[in-house]
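Descriptive analysis of the structure
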Amino acid sequence: FFEVGHLDKLKSWLSWSWTYICAVWFAMVLTMIYVLRSPLKLQDTLTSASVFLNTLTPKFYVALTGTSSLISGLILIFEWWYFRKYGTSFIEQVSVSHLRPLLGGVESSSTTGLFSSVNGEAEPRPSVSECKVWRNPLNLFRGAEYSRYTWVTGKEPLTYYDMNLSAQDHQTFFTGDTQQIKAEDTVMQKAWRERNPQARIRAAYQAIEMNHECAAAYVLLAEEEATTITEAERLFKQALRSGKREQRTIHGSFVRKNINLLVYIKRRLAMCARKLGRIKEAVKMMRDLMKEFPLLGMLNIHENLLEALLELQAYADVQAVLAKYDDISLPKSATICYTSALLKARAVSEKFSPEAASRRGLSTAEMNAVEAIHRAVEFNPHVPKYLLEMKSLILPPEHILKRGDSEAVAYAFFHLQHWKRAEGALNLLHCTWEGTFHEVSVYPKKELPFFILFTAGLCSFTAMLAMLTHQFPELMGVFVKAFFSTLFTPLGFFADKMESFMPSSFWHQLTRI
């Protein structure tokens with residue numbers, strides 16, 4: 001332990017001293033230049049350079065500063081356009097992407113499967129950051145739900161980025177870890193990557209022709225070709241039968257792929273039952289799935305279960321689920337935080353009155369409800385505007401950003417009805433949010449990148465120099481000479497002190513070396 005402690009101290013000292021290496025290196029370079037000024041004939045070079053600069057006319061300086069202002073202005077325009085379109089600075093993005101490997105930056109690796117273990121055994125779980133893209137556990141069906149928006153408006157409801165993430169998920173979840181991939185699996189790998197929906201559907205039919213028991217192909221048809229929930233449920237049931245038959249005939253690493261596929265199919269079947277009004281059946285399917293595979297990783301089936309139980313108004317069961325998953329060691333979500341707030345608000349919201357509360361103060365139950373709403377709004381401040389219908393709802397995406405606007409849209413799209421059903425809950429949310437978080441809820445607010453401010457200042461400064469040099473050439477010449485003489489005065493003072501401190505023979509011997 002003693003050696004390990006000293007090693008940690010040494011590593012921390014090295015990381016701390018690394019920040020000062022550049023300054024030390026710069027000081028050493030200046031010292032060597034000063035020491036070697038005689039052999040390098042720096043004095044003669046500076047004299048000839050000053051003579052050359054004195055021969056330049058003011059028009060040269062006007063052209064120089066004007067060109068600098070023009071170039072910095074073009075950079076500013078490009079930076080501003082790039083920031084408005086992509087939300088980040090181009091220079092910062094390129095700098096970080098090229099400098100991060102040199103500085104030892106490592107991207108966090110994502111999970112490669114749905115579950116920690118096929119048999120339910122615990123395996124080491126990577127640390128999960130709250131600020132990352134997650135699969136939306138309540139994502140809609142493309143053919144039966146998202147396509148309706150396209151039919152009516154002629155616009156695509158999903159972005160290419162969102163669909164590309166889904167394609168990567170499907171390839172990761174439904175592909176075996178072995179190189180013994182079947183021909184239909186190769187076709188399905190290409191199918192998930194296709195941008196054209198019709199091309200994906202044709203590839204799925206091609207895979208079924210190769211193997212009538214290709215469950216992944218039926219999953220794709222259920223997601224994208226089925227135009228109704230009933231038709232999607234029929235195709236998912238066919239995929240479940242095919243997956244079970246295939247599971248009995250395979251062994252090895254293909255088992256993980258089929259387990260992932262079967263759990264995905266069962267979850268979507270439960271969602272079909274929920275959408276078709278068979279809510280108790282959906283709840284049973286979700287509970288059985290969670291009992292069979294207690295470590296479900298990224299699927300978050302408990303959020304589907306919470307929404308179904310709220311629809312049944314089984315608030316005691318909702319509280320039991322929250323007690324299990326509202327844990328500090330597990331990643332939070334808007335569903336967990338706001339459902340907990342809804343249950344506490346429902347207990348007091350029916351008789352809640354802001355005027356009466358201001359006169360007599362908050363009771364213990366009301367204080368618990370307000371604190372739960374505070375906790376939820378602090379986690380995701382975008383949700384109240386959608387629940388209070390101050391912002392229009394849109395179709396939720398297939399992937400959400402925790403604590404972001406996309407998560408707020410996905411939560412409010414499915415849970416707004418449950419808040420309306422609890423009389424007075426939205427009123428309590430509005431009073432708490434408006435009185436405490438109205439100004440806070442605008443975060444995260446985008447700030448202008450540093451390089452936009454820097455290029456704007458550089459453009460303005462060089463343009464001002466060009467104008468002053470053009471209008472007052474002699475006065476600007478005197479000003480520049482005075483500026484540089486003042487700038488180099490400390491260096492001259494430092495050089496004189498060094499010469500007086502060190503003997504002249506020492507400098508002579510050093511220059512000879």
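Note that this is a predicted model, so its numbers are computed, not measured.

The rules behind the values
- Residues numbered from 1 in each chain as written.
- Predicted model: local features only at pLDDT ≥ 70, side-chain atom pairs only at ≥ 80, totals over all residues.
- Heavy atoms only, no water.
- Axes fitted to C-alpha atoms, helices over the stretch in contact; angles between N-to-C directions.
- Helix = DSSP H or I, 4+ residues; strand = E, 2+ residues; numbered from the N terminus.
- Parallel < 35°, antiparallel > 145°, perpendicular 65-115°, else oblique.
- Left-handed = near helix turned anticlockwise from the far one by under 90°.
- Contact = heavy atoms within 4.5 Å.
- Nonpolar A, V, L, I, M, F, W, Y, C, P; charged D, E, K, R; others polar.
- UniProt positions renumbered as here; feature names shortened; annotations may be inferred.
- Expected span 1.5 Å × (residues − 1).
- Buried < 20%, exposed > 50% of the residue type's maximum accessible area, 1.4 Å probe, protein only.
- Phe/Tyr/Trp six-rings, centres within 6.5 Å; stacked < 30°, edge-to-face > 60°.
- Lys NZ or Arg CZ within 6 Å of the ring centre and 35° of its normal.

The next point concerns the packing of helix α15 (residues 334–346) against helix α19 (residues 405–421). At a minimum axis separation of 10 Å, α15 and α19 run at an interaxial angle of 25 degrees. On the basis of the axis angle, α15 is roughly parallel to α19. As α15 packs across α19, the resulting crossing turns out to be right-handed. Where α15 abuts α19, its residues A334, T335, Y338, T339, A341 and L342 lie against E407, Y411, H415, H418 and W419. Its residues placed into classes, the contact of α15 with α19 shows 6 nonpolar, 4 polar and 1 charged.

This part covers unusual backbone geometry. In this structure, Q313 is a non-glycine residue whose phi angle is positive, near 60 degrees. Topologically, Q313 is positioned in the loop between α13 (301–312) and α14 (315–325). Positive phi, normally seen in glycine, also occurs at R403, with a value near 70 degrees. Here R403 lies in the loop between β2 (399–401) and α19.

Residues given the UniProt feature "transmembrane region" (unreviewed entry) here are residues 18–40, 60–83, 448–469 and 475–495. Taken end to end, residues 60–83 has its terminal C-alpha atoms 34 Å apart, with 100% of it in helix and 0% in strand. Taken as a whole, residues 448–469 contains 91% helix and 0% strand, while its terminal C-alpha atoms sit 31 Å from one another.

With that out of the way, let us pick up the packing of helix α12 (residues 279–292) against α13. Running from N to C, α12 and α13 point in directions that differ by 150 degrees, and their axes come no closer than 10 Å. In terms of orientation, α12 and α13 fall into the roughly antiparallel class. For the pair α12 and α13, the crossing hand works out as left-handed. Seen from α12, the contacting residues are I279, K280, V283, M286, R287, L289 and M290; seen from α13, they are I301, H302, N304, L305, A308, L309, E311 and L312. In terms of residue class, the contact of α12 with α13 is built from 10 nonpolar, 2 polar and 3 charged.

If you check helix α3 (residues 58–86), its first and last C-alpha atoms are 42 Å apart, about what 29 residues at 1.5 Å a residue would give, namely 42 Å. Three or more residues of α3 are buried, namely T65, S69, S72, G73, E79, Y82 and F83.

For the structure shown, the criterion picks out 6 aromatic pairs. For the ring pair F78 and W81, a centre distance of 5.9 Å and an interplane angle of 35 degrees mean the geometry is tilted. Separated by 3 residues within a single helix, F78 and W81 lie in helix α3, roughly one turn from each other. On the basis of relative accessibility, which here comes to 36%, the residue F78 falls in the partly exposed class. Given the relative accessible area of 45%, W81 is considered partly exposed. Taken together, F78, W81 and Y82 form an aromatic cluster joined through their ring pairs. Taking NZ or CZ as reference, R268 lies 4.1 Å from the ring centre of F141, over its face.

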